[in-house]
Amino acid sequence: GYTRGLAYAYRLLGISAEYREDPGAAIDYYLRFRRSAETLGDTVLTASAISDAAGIYAKLKQFNEAKQSYLDYIALLQPTNSRQKLAKGYSNLGVIYRRENRFDSAYFWYTKALAIRQQLNDSAGIATVHNNLASLLLYQQKPDEAYTYIKANLQYHLRIGSTEDQWFDYCNLASVYMQKE
């Protein structure tokens, strides 16, 4: 009852602080949210709190704190077999490593996320990870490797009729062809 309500109140206060562009207060509220969730013994709620704080750390370019938070998130969720959430954590780690220009580590975490998305037949999740991988590979001037992911995404987006996503796919294809010139 009361403790769960308090945990959610801290989360909402953290979200409010984010919207007010007060990251210090947001982190403080998310850490309170985490402590409350841990007191409840609620793994999923604790993972949410960790992820919320990690997002703020990433926005502030406090990459070590963000990485540690996402590693904590993953460690907490692995025993629960929450594969969707694990894939999210892996992708988020990939993003952080990419922002640090640690491309091999980014690729490692993206491919872990992709493996889970494929096991789950999560087409939308697969497309998102394909986009992350293609973007990473294009940035590294590896157009042939990026093409594989872009082509798969384009086929998926054509099949579901997502014209907005097709536009991004065609832009990415143009980048491939420009790099190959």
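Residues numbered from 1 in each chain as written. Predicted model: local features only at pLDDT ≥ 70, side-chain atom pairs only at ≥ 80, totals over all residues. Heavy atoms only, no water.

Draft legend 1. Looking closely at helix H1 (residues 2–19). Between its first and last C-alpha atoms H1 spans 26 Å; for 18 residues at 1.5 Å apiece the expected length is 26 Å, and the two agree. Taken together, the buried positions of H1 are Ala7, Tyr10, Gly14 and Ala17. All buried residues of H1 lie within an arc of 85° about the axis, which places them on one face of the element. Exposed and oriented more than 90 degrees from the buried face of H1 are Tyr2, Leu12 and Tyr19. (Helix = DSSP H or I, 4+ residues; strand = E, 2+ residues; numbered from the N terminus. Expected span 1.5 Å × (residues − 1). Buried < 20%, exposed > 50% of the residue type's maximum accessible area, 1.4 Å probe, protein only. Arc of directions from axis to C-beta.)

Draft legend 2. Molecular detail of the pattern of salt bridges. The tally for this structure, following the rule as stated, stands at ten salt bridges. Between aspartate 42 and arginine 4 there is a salt bridge; the shortest N-O distance is 2.9 Å. One end of the pair, aspartate 42, is in the loop between helix H2 (23–40) and helix H3 (43–59); the other, arginine 4, is in helix H1, with 38 residues separating them in the sequence. Close ionic contact of arginine 102 with glutamate 100 constitutes a salt bridge, the shortest N to O distance being 3.7 Å. A residue is classified by how much of its surface remains accessible, and arginine 102, at 40% relative accessible area, is partly exposed. Using a relative accessible area of 23% as the deciding quantity, one classes glutamate 100 as partly exposed. Each of Arg34, Glu38 and Asp72 takes part in one network of salt bridges that share partners. (Salt bridge = Lys/Arg side-chain N within 4 Å of Asp/Glu carboxyl O.)

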